[in-house]
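Spelled out from the first residue to the last, the chains are:
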Amino acid sequence: MIKKIIFIVGIVSILAACGCIGSSLNNNPPERIKDISVIKDASGYQTYFILADKEGQETTSDGSFKIVISKGSGYYSLKNNVTASKFQKAKLGMGNFQHEAIICNIGIIPKSNVEKYLGDSGMAEVKLYFTTPDNRTLEGDETIFL
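Each value, and the rule that gives it
Residues numbered from 1 in each chain as written. Predicted model: local features only at pLDDT ≥ 70, side-chain atom pairs only at ≥ 80, totals over all residues. Heavy atoms only, no water. Core = buried A, V, L, I, M, F, W, Y, C linked by side-chain atoms within 4.5 Å. Buried < 20%, exposed > 50% of the residue type's maximum accessible area, 1.4 Å probe, protein only. Helix = DSSP H or I, 4+ residues; strand = E, 2+ residues; numbered from the N terminus. Contact = heavy atoms within 4.5 Å. Pairing = 2+ DSSP bridges. Patch = residues over 30% accessible without salt bridge, like charges linked within 9 Å, V, L, I, M, F, W, Y side chains within 5 Å. Areas by Shrake-Rupley, 256 points an atom, 1.4 Å probe, with all protein chains shown as cover. Salt bridge = Lys/Arg side-chain N within 4 Å of Asp/Glu carboxyl O. Lys, Arg positive; Asp, Glu negative; His and termini not counted. Charge placed at Lys NZ, Arg CZ, Asp CG, Glu CD. Axes fitted to C-alpha atoms, helices over the stretch in contact; angles between N-to-C directions.

Participant: Where do I start with the nonpolar core in this structure?
Facilitator: Taken as a class, soluble globular proteins show a tendency for nonpolar side chains to be buried jointly. Core analysis: the biggest nonpolar cluster contains 25 residues, and Phe49, Phe65, Ile69, Val114, Leu128 and Phe130 have the highest contact counts within it. Mapped by element, the contributors of at least two residues to this core are strand S1 (32–40), strand S2 (44–52), strand S4 (63–71), strand S5 (74–82), strand S7 (99–110), helix H2 (111–118), strand S8 (123–131) and strand S9 (137–145). Dropping the residues within four chain positions of it, Ile69 is found in contact with Gly74, Tyr75, Tyr76, Ile109, Val114, Leu118, Ala124, Glu125, Val126 and Ile144. Grouped together as the second largest cluster of nonpolar side chains are six residues, Tyr48, Ala90, Leu92 and Ala101 included.

Put into C-alpha cells, the structure is as follows:
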C-alpha cells in the first residue's frame, strides 16, 4: 500500500514538474497587446506578441492577427488565425532580467521577405492588430532596427 502511495505521489510530482498538470494558462479575454517583439537574427526576424487581460495579466485567446512592418512607403504584412492553444510559456531575457511570459510565437519572418520591401537597414515601424472572438480589434506598435 505504501509503495502505491509513493508511486502515485512520484508520478504526480513528475507531471507537475514538467508542467503537464496544474499549469493552465490564463484565458481571460484580452484587453490590450502588452508587447510585440521582432528580433533580428541570422535567418530573419523572430517575432512574437503578448496579450494582457483587463487586470494586466498575460493571457491567451483565439483570434486572428495581422502584423505590418513598414518603412517610408514600403511595407511587409502577414496575417493568420491563432488558437489559445498556440500560446505558450517562454523564458525571456537573460540573467537577472530573465522572466516567464505567455507568448504567441509568430515564428521567423525571413530576412528576404522584409528586405524586398524595406531594405536592410534603418528604423521600421511594426503594427500588430489582434481580432478577438467577439470581433474587437486590439492594436499595438513597436519601432525596430532592420
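Participant: For this particular structure, what's the right way to read unusual backbone geometry?
Facilitator: Peptide bonds are mostly trans, and most non-glycine residues show a negative phi. Despite not being glycine, Asn135 shows a phi value in the positive range, around 70 degrees. As for its position among the elements, Asn135 is in the loop between S8 and S9. Relative accessible area serves as the criterion here: at 64%, Asn135 is assigned to the exposed category.

Participant: How should I be thinking about the pairing of S9 in this particular structure?
Facilitator: Residues in a regular strand project their side chains so that they alternate between the two faces of the sheet. Summarising the sheet, S8 and S9 pair through nine bridges and their orientation is antiparallel. Bridge assignment links Leu128 to a residue of S9, and that residue is Gly140.

Participant: What's the story with a negative patch on the surface in this structure? I'm lost.
Facilitator: On the surface, Glu125, Glu139, Asp141 and Glu142 cluster together into a negatively charged patch. The dominant element in the negative patch, judged by the number of residues it contributes, is S9, at three residues. The class for Glu142 is partly exposed, based on a relative accessible area of 32%.

Participant: Is there a simple way to explain the environment of Val82 in this structure?
Facilitator: Looking at where Val82 falls in the secondary structure, it is placed in strand S5. What makes Val82 buried here is its relative accessible area of 5%. Distance from Val82 to Ser61, taken between C-alpha atoms, is 7.9 Å for residues 21 residues apart in sequence.

Participant: I would appreciate a short explanation of the sheet that holds S5 in the present structure.
Facilitator: Where strands meet in a sheet, backbone hydrogen bonds hold them as pairs that are either parallel or antiparallel. A sheet is described by the order of its strands in space; here four strands give the open sequence S5-S4-S8-S9, paired in antiparallel fashion. The open sheet has two edge strands, S5 and S9, and neither has a second partner. Strand-to-strand twist in this sheet, taken as the mean axis angle between neighbours without regard to direction, amounts to 15 degrees. Note that S4 and S8 share seven bridges and pair antiparallel. Bridge pairing links Ile69 to Val126 in S8. In the packing of H2 onto the sheet, contacts are made with S4 and S5, and the angle to S5 comes to roughly 140 degrees.

These figures come from the coordinates and say nothing about function on their own.
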